[in-house]
Amino acid sequence: MDREGKGVNIQVFIRAPYDRFVNSETRFWEASGVDVELSAGGVRLETQSLNAMLSGGIAFETRGNPEAAKPVQANTVFRLFERKAQAMAIEDSEVIQVRMLFDESIRGLAVGAPVDFRGFEVGKVTNLGGEIDAKNGVLRMAVDIELYPNRLGKISIRRGKTAKSVREGLDLLVAGGLRGQLRTGSLVSGQLLVSLDYFKDAPRAPVTWDNDPRSCRRFPVRWSSSNSRRPT
């Protein structure tokens, strides 16, 4: 156990010739037993070798481009991830927090559910709750999400010759018709995800930046065409 009592240090020895596969981009994760996850993406099943299933184990793999990875010295400290998906995920260099308000039920939406943009995961749900509209006393369902712009590569939003900030860029995207909707992520689990897309006929919806997390009070919710309820 570490000095703060908040973690455990595990000493691992990698035998030659496999030690040459350990570098700065190597990621380690627990490889014990059968890993089953039921989420908005469906059912995910991962199994390891029979020996790892019986006695437990640790697996490792190089993430990204192996040629760009740098060698490491003995006793280098690595983080031990719970699952391979977490270990191999790319760190998000920029995070935008947004609150979306839904007039419909969010039953089936859970913390950790993905935020999807045309089939590409660009964020996740971080909190669920409610928020009262002080003007008319209506309770709306609040969904806090994190957006990761770097997952779509380098995005440069420009108007003329001037580059826009993240705040100005999001304002332009929403003004251009970017809206959120709830969709069924998996017919097996029935769980929902938040989907972002463009709608040309969407009413004007400026973003409100005076709250933390940034509250899209006038960020209307548009349901998919398969949903019988009308979009707000």
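Before reading further, recall that the structure is shown in the block above.
Residues numbered from 1 in each chain as written. Predicted model: local features only at pLDDT ≥ 70, side-chain atom pairs only at ≥ 80, totals over all residues. Heavy atoms only, no water.

**Student:** What am I meant to see in a nonpolar patch on the surface here?
**Tutor:** Side chains of Val8, Ile10, Val12, Ile58 and Leu80 sit close together on the surface and give an oily, nonpolar patch of about 420 Å² of accessible area. Structurally, Val12 can be placed in the segment before strand E1 (26-30). On the basis of relative accessible area, Val12 is assigned to the partly exposed category, the value being 43%. (Patch = residues over 30% accessible without salt bridge, like charges linked within 9 Å, V, L, I, M, F, W, Y side chains within 5 Å. Areas by Shrake-Rupley, 256 points an atom, 1.4 Å probe, with all protein chains shown as cover. Salt bridge = Lys/Arg side-chain N within 4 Å of Asp/Glu carboxyl O. Helix = DSSP H or I, 4+ residues; strand = E, 2+ residues; numbered from the N terminus. Buried < 20%, exposed > 50% of the residue type's maximum accessible area, 1.4 Å probe, protein only.)

**Student:** What am I meant to see in the side chain of Arg27 here?
**Tutor:** Mapped onto the fold, Arg27 is located in strand E1. One polar contact links the side chain of Arg27 to the main-chain carbonyl oxygen of Ser24, over a distance of 3.4 Å. Arg27 has contacts with Ala59, Phe60, Glu61, Arg63, Phe81, Ala87, Met88 and Glu91, leaving out every residue within four places of it along the chain. (Polar contact = N/O pair within 3.5 Å; in protein donor to acceptor, adjacent residues only side chain to side chain. Contact = heavy atoms within 4.5 Å.)

**Student:** What should I look at first to understand the pairing of strand E12 (residues 178-184) in this one?
**Tutor:** Of all seven residues in E12, five are buried, a share of seventy percent or more. Of the strand pairs in this sheet, E12 and strand E13 (residues 192-198) are connected by seven bridges, and their pairing is antiparallel. Considered in E13, the bridge of Leu178 is made with Tyr198. (Pairing = 2+ DSSP bridges.)

**Student:** What's the story with the sheet that holds strand E5 (residues 80-81) in this structure? I'm lost.
**Tutor:** Strand-to-strand pairing in sheets goes through backbone hydrogen bonds, with the strands running parallel or antiparallel. Pairing is mixed across the open sheet formed by three strands, whose spatial order is E4-E1-E5. Two strands in the sheet have a free side with no partner beyond their single neighbour: strand E4 (58-62) and E5. Alignment of E1 against E4, held across five bridges, turns out to be antiparallel. The partner of Arg27 across the bridge, within E4, is Glu61.

**Student:** Can you help me understand the environment of Val122 in this one?
**Tutor:** Residue placement: Val122 occurs in strand E8 (residues 120-133). A relative accessible area of 5% means that Val122 is categorised as buried. Sequence-wise, Val122 and Glu146 are 24 residues apart; in three dimensions their C-alpha atoms are separated by 8.4 Å.

**Student:** Explain the pairing of strand E7 (residues 114-117) to me, please; I cannot follow it from the model alone.
**Tutor:** Across a regular strand the side chains alternate sides, sitting on one face of the sheet and then on the other. Where E7 meets E8, four bridges bridge the pair, whose relative direction is antiparallel. Residue pairing across strands places Pro114 opposite Lys124, the latter belonging to E8. Count of turn residues in the E7/E8 antiparallel hairpin: two residues, of which Arg118 carries a positive phi of about 55 degrees. Direction of pairing for E7 relative to E13: parallel, over a ladder of three bridges. Its bridge partner being in E13, Val115 is matched across the sheet by Val194.

**Student:** What should I look at first to understand the packing of aromatic side chains in this one?
**Tutor:** If you walk through the whole model with that rule in mind, you get three aromatic pairs. Here Phe28 and Phe60 contribute two aromatic rings whose centre-to-centre distance is 5.3 Å and whose plane-to-plane angle is 35 degrees, an arrangement assigned as tilted. Linking Phe28 in strand E1 with Phe60 in strand E4, this pair joins segments that are 32 residues apart in sequence. The class for Phe28 is buried, based on a relative accessible area of 9%. (Phe/Tyr/Trp six-rings, centres within 6.5 Å; stacked < 30°, edge-to-face > 60°.)

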